[in-house]
Amino acid sequence: MSAPVEGNLEQVFANVASNYRGSDVDLHAVYREMREKSPVLADNFMARLGVPSIAGLDPDRPTFTLFKYDDVMAVMRDATNFTSGFIAEGLGSFFDGLILTAMDGEAHKSMRNLLQPVFMPETVNRWKEAKIDRVIREEYLQPMVPSKAADLMDFALYFPIRVIYSLIGFPEDRPEEIAKYAAWALAILAGPQVDPEKAAAARGAAMEAAQALYDVVKVVVSERRAQGAEGDDLICRLIRAEYEGRSLDNHEIATFVRSLLPAASETTTRTFGTLMTLLLQNQAVLERVRNDRSLVSKAIDEAVRYEPVATFKVRQAAKDTVIRGVAIPKGAMVSCIVTSANRDEDVFEKADVFDIDRRVRPSFGFGFGPHMCIGQFVAKTEIQCALNAILDLMPNIRLDPSKPAPEIIGAQLRGPHHVHVLWD
Ligand code: HEM
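It should be emphasised that the depicted structure is a prediction, and the values quoted were computed from it without experimental measurement. (Residues numbered from 1 in each chain as written. Predicted model: local features only at pLDDT ≥ 70, side-chain atom pairs only at ≥ 80, totals over all residues. Heavy atoms only, no water.)

> Quick one: what's the story with the overall build of the chain, residue by residue and with numbers?
Looking only at helices and strands, the chain features 16 helices and 10 strands. Counting over 424 residues, the chain shows a buried share of 57%. Expressed as a percentage of contacts within the chain between residues at least 6 apart in sequence, the contacts between residues at least 24 apart total 74%. Surface exposure of the chain reaches about 17,600 Å², of which carbon and sulfur atoms provide 52%. (Helix = DSSP H or I, 4+ residues; strand = E, 2+ residues; numbered from the N terminus. Buried < 20%, exposed > 50% of the residue type's maximum accessible area, 1.4 Å probe, protein only. Contact = heavy atoms within 4.5 Å. Areas by Shrake-Rupley, 256 points an atom, 1.4 Å probe, with all protein chains shown as cover.)

Here's what the structure looks like:
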């Protein structure tokens, strides 16, 4: 099948975020003011910033926006009264509605229990050396070393999709497929758009990309099942997975695995870019991390708090409720601004400082509660391996003063678009 998405990967990546504002406003200043003056806003704040909804287009649905840590936590942890099913109408429609993030209640719980073991540290650690560290070091970073200069985002765009490709268990002898799958995954993410003309075209491309991904995954799933599914890869593990006597059929596995490509790639790309930006802008911290690698995971956690990629999460009120004195009717959308909650000064001392030594508290960059990111150990392991390898292979890595400094931008899917560096 030919690729339904034209253009190179860099262009498709830019398209995902091109219509989101965020570089022209100081979002953190805006959020600080909202936390103080209007912590529960009876309006769709993200729509004001030009961010399209993943919930399908229903302008009549009232939306409330939350900015404080405690409120965001209360909503995200309570999946009974604040549900996610509405996502099936928007983003979920690219996945036949069968998408974990859009499931509620028992259906979500039983699906999540089937999938969860495959993503626990125990499994991820088994993959770490051969399928994560080796790929990142040998296929990507070592060949870059002699050039002594790079835009780290060129590397960041490829390694997460390459790693997930390998973990899923796609055939290793077809590396040319990776860029195509990456472009499809990004086309799915670019599906929801605000501009009606763009929306129609983007939706068509997203549907085509989702179908194309489904078709290739389904073939591999059927092959693996026919061969007995004894392998260590994600597809074989999902075929073998069982929970309370239930297991997954080929359609469910193909649909889930297809959803992983957009869930696992772009998020990891931007999180890695943000982490590198923050470390390169704080050379003293970078030096400490270089000399004490036990700080790597602390740096990642703090970057995810300080500048989360997924800047907000939406839920739907399942009953009439009141938050901070504001009445929220049943059926209303509740938009939780993660970027704001993660910098709530009532919870995080000196919240606007990137401080890898701060006391560990939950923040919401990987979500919170029953829908919390199932792939967070995979993501963190990849980013750990990437940072460690960079510190090993690129001595004295620093920002390239002849190129524009990296900027963490975007009201949604936030991160830098370029991170130009030099090394010795
Ligand atoms: C740094 C990278 C990543 C970030 C920042 C991130 C962020 C998130 C967030 C915020 C959620 C919660 C969604 C919600 O509450 O509705 C989520 C869910 C999810 N993530 Fe990730 N993610 C990352 C990487 C990954 C990876 C590598 C995978 C797979 C290997 C993955 C798979 C998923 C899945 C399947 C869900 C849905 C879970 C559910 O609804 O029960 N993510 N992610």
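From this point, things continue past the structure.
> Quick rundown of the nonpolar core? Include the residues and the values.
One finds Phe-155, Phe-272 and Val-289 to be the most contacted residues of the largest nonpolar core, which totals 94 residues. When residues of this core are assigned to their parent elements, the largest contribution, 11 residues, is made by helix H7 (residues 152-168). Apart from residues no more than four positions distant in its own chain, Phe-155 is found in contact with Ile-136, Tyr-140, Leu-141, Met-144, Phe-272, Ala-386 and Ile-390. In terms of nonpolar packing, the next biggest core, distinct from the first, is built from 22 residues, Ile-328, Ala-351, Phe-364 and Phe-368 among them. (Core = buried A, V, L, I, M, F, W, Y, C linked by side-chain atoms within 4.5 Å.)

> Before we move on, can you summarise the environment of Met-120 with the specific residues and values?
Among the secondary structure elements, Met-120 is positioned in the loop between helix H5 (105-115) and helix H6 (121-144). With relative accessibility at 31%, the residue Met-120 sits in the partly exposed group. For Met-120 and Val-378, which are 258 residues apart along the polypeptide, the C-alpha to C-alpha distance reads 8.5 Å.

> A description of the environment of His-108 should follow, citing residues and the corresponding values.
Here His-108 is to be found in helix H5. Sequence-wise, His-108 and His-371 are 263 residues apart; in three dimensions their C-alpha atoms are separated by 8.7 Å. Once you skip the residues sitting within four places of it in the chain, His-108 turns out to touch Leu-100, Met-103, Pro-370 and His-371. Looking at His-108, its side chain comes within polar contact range of the side chain of His-371, at 3.2 Å. (Polar contact = N/O pair within 3.5 Å; in protein donor to acceptor, adjacent residues only side chain to side chain.)

> Give me the pattern of salt bridges: which residues, what numbers.
Inspection of every chain in the model, using the stated rule, returns 28 salt bridges. The shortest N-O distance in the salt bridge between Lys-180 and Glu-177 comes to 3.6 Å. In this pair, Lys-180 and Glu-177 both sit in helix H8 (residues 177-189), 3 residues apart, roughly one turn of the helix. Among the residues examined, Lys-180 registers a relative accessible area of 21% and is labelled partly exposed. Taken together, the shared-partner salt bridges in this structure form one network comprising Arg-32, Glu-307, Arg-343, Asp-352 and Arg-414. (Salt bridge = Lys/Arg side-chain N within 4 Å of Asp/Glu carboxyl O.)

> Explain the site of the ligand to me, and be specific about the residues and the numbers.
Around the ligand, 24 residues are found, and the nearest of them are His-108, Arg-112, Arg-315, His-371 and Cys-373. Among the secondary structure elements, those contributing two or more residues to the shell around the ligand are H5, helix H11 (250-264), helix H12 (266-281) and strand S5 (312-317). Counting residues per element, the shell around the ligand draws most heavily on H11, at 4 residues. Considered class by class, the residues forming the shell around the ligand number 12 nonpolar, 9 polar and 3 charged. (Near = heavy atom within 4 Å. Nonpolar A, V, L, I, M, F, W, Y, C, P; charged D, E, K, R; others polar.)

> I'd love a proper account of the sheet that holds strand S10 (residues 420-422), names of residues and values included.
In spatial order, the strands read S4-S10-S9; together these 3 strands make up an open sheet with antiparallel pairing. The open sheet has two edge strands with one neighbour each: strand S4 (149-151) and strand S9 (398-399). Pairing of S9 with S10 involves 2 bridges; the strand directions are antiparallel. Bridged to Arg-398 within S10 is Leu-422. Contacting S4 and S10, H7 runs over the sheet at an angle of about 55° to S4. (Pairing = 2+ DSSP bridges. Axes fitted to C-alpha atoms, helices over the stretch in contact; angles between N-to-C directions.)

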